[in-house]
Amino acid sequence: MSLRVVFMGTPDYGVPSLEALIAAGYDVAGVFCQPDKPSGRGKKIAFCPVKQCAVAHGIPVFQPVKTRVDGVEPLRKLAPDLCVTAAFGHILSQEVLDIPRLGTVNVHASLLPAYRGSAPVNWALINGEMVTGVTTMMTDKGMDTGDILMQREVAVEPGENAGALVDRLARMGAELLIETLRAIENGDCPRRKQDEALASYYPLLKKEMSRMDFTKTAKQLCDFVRGMNPWPGAYAGAYKVLEARAEDWNGNEAPGAVLRADPKAGLWIRAGEGALNVLRMQAAGGKPMDARDYLRGHQIETGARIAPEETDAE
RNA sequence: CGCGGGGUAGAGCAGUUCGGUAGCUCGUCGGGCUCAUAACCCGGAGGUCGAGGGUUCAAGUCCCUCCCCCGCAA
């Protein structure tokens, strides 16, 4: 007799978990996701990835504006044994959490208690972490503060960006979720409180955070580029930097100065320490391309500052 | 009807206003030079200018239709 489960999630990150639940034979009674919003070019209404997946499997979809308000009744009617959340984006009230008799399990993309919050993968990369992972936990009223059930570590690949890593963690999280549910069913799932002393919280990324600060070291800038891609992106003036490498550089140029800019050498920018070798970039209105390709058709003056003065401040 | 940019040689771009022999940088191929190079010199190949139709003596360029790509915004 398999558990009756309600899944809650919205973006791509949640899809592998939802699919894993279905594939593992759980009775997925319903799927909650955020309301459809106009998005994309042309402002068309698009289903979020989780909804697309649910629809494809013929699972009823619920899109409350605020789950703790208009989601309560629908959830009660579904009478789930257990709820699963994965990047749902809504804060659940105690009333909601009390509905499933076995509680609510969250699949979080970090090694809790580190990197609580909505953008754990991005921040782990920005901070230059070499190891991260996924955690299954009991959702409580706090922000990723519930008891830890299972964890799995993973080494960050050199040069891996947030998009790729989220992808990888989403699949790992899906596997770990199934393991966790099996254990819960068997009544032998481990469970431990989070150590508050080790906890860290990081906020949602915002577009305003996307500006590159060239007074930082080349290594820090590389990590920033990785962590901010594919969204919101790392911006150096008018250019979005998609991929970069840290290089040694000795000289007294000001941070942000263009050191080299031609099709053969590529684009090098002075950092607070070392130089940033921009490998892939994107100009406003343009498509992503190798920096060298860009320089074949566009000129950037050596010695110029890549970013306007005022963006160096702060 | 949310706003906007674009499709020209393998790559990245200019040329379109005001129709008149298809250009630039890089790559590539061949030759030369140098102790050496992200070096330099000489020469060559490579393009149905996104598709279709129209106007014209003549269309990459003007008119109409369509396809595709991308940025902002989310």
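Bear in mind that the values here come from a model prediction, so they are computed numbers and not experimental data.

J.: Sorry if this is basic, but what is going on with the side chain of asparagine 229 here?
T.: Within the secondary structure, asparagine 229 is located in the loop between helix H8 (218–228) and strand E10 (234–236). What makes asparagine 229 buried here is its relative accessible area of 3%. At 3.1 Å, the side chain of asparagine 229 forms a polar contact with the backbone oxygen of valine 241. Residues in contact with asparagine 229, not counting those within four places in the same chain, are Asn161, Ala162, Gly163, Lys240, Val241 and Leu242.

J.: What is the right way to look at the pairing of strand E12 (residues 258–262) in this model?
T.: Side-chain direction in a regular strand flips from residue to residue, so the side chains alternate between the two faces of the sheet. Two elements, E12 and strand E13 (residues 266–270), share four bridges in a ladder whose sense is antiparallel. Considered in E13, the bridge of alanine 261 is made with leucine 267. Where E12 hands over to E13, the hairpin turn is made up of three residues, counted between the paired strands.

J.: It is not clear to me how the pairing of strand E14 (residues 275–283) should be interpreted in this structure. Could you clarify?
T.: The buried count for E14 comes to seven of nine residues, which makes it a mostly enclosed element. Pairing between strand E11 (residues 239–247) and E14: eight bridges, direction antiparallel. Paired with glutamate 243 across the strands is arginine 280, a residue of E14. Taken together, the four bridges between E13 and E14 define a ladder with antiparallel strand orientation. Bridge assignment links leucine 267 to a residue of E14, and that residue is valine 278.

J.: Would you explain the domain arrangement of chain A in this entry?
T.: You'll often see interface size given as the accessible area lost when the parts meet. You can read the domains of chain A as domain 1 (4–198) and domain 2 (207–310). Between the C-alpha centres of domain 1 and domain 2 there is a distance of 35 Å. With twelve residues of domain 1 at the contact, the number on the domain 2 side is ten residues. Taking both partners together, domain 1 and domain 2 bury about 750 Å²; carbon and sulfur atoms supply 58% of that area. Three residues stand out in domain 1 for area buried against domain 2, namely Leu125, Ile126 and Asn161, and they jointly supply 47% of the buried area on that side. Counting only elements with at least two residues in the side of domain 1 that touches domain 2, the list comes to helix H6 (120–126) and helix H7 (162–186). A per-element tally of the side of domain 1 that touches domain 2 places H6 first, with four residues. The residue inventory of the side of domain 1 that touches domain 2, partitioned by class, reads five nonpolar, five polar and two charged.

J.: Is there a simple way to explain the environment of lysine 51 in this structure?
T.: When you line up the elements, lysine 51 lands in helix H2 (residues 49–56). Sequence spacing of lysine 51 and leucine 18 is 33 residues, and the spatial spacing of their C-alpha atoms is 10 Å. With near-sequence residues (within four places) excluded, lysine 51 lies in contact with Cys33, Asp36, Val61 and Gln63.

Cut-offs used in this document
- Residues numbered from 1 in each chain as written.
- Chains lettered and ligands numbered in written order.
- Predicted model: local features only at pLDDT ≥ 70, side-chain atom pairs only at ≥ 80, totals over all residues.
- Heavy atoms only, no water.
- Helix = DSSP H or I, 4+ residues; strand = E, 2+ residues; numbered from the N terminus.
- Buried < 20%, exposed > 50% of the residue type's maximum accessible area, 1.4 Å probe, protein only.
- Polar contact = N/O pair within 3.5 Å; in protein donor to acceptor, adjacent residues only side chain to side chain.
- Contact = heavy atoms within 4.5 Å.
- Pairing = 2+ DSSP bridges.
- Domains from an automatic or database assignment.
- Buried area = accessible area lost by both parts, 1.4 Å probe.
- Nonpolar A, V, L, I, M, F, W, Y, C, P; charged D, E, K, R; others polar.

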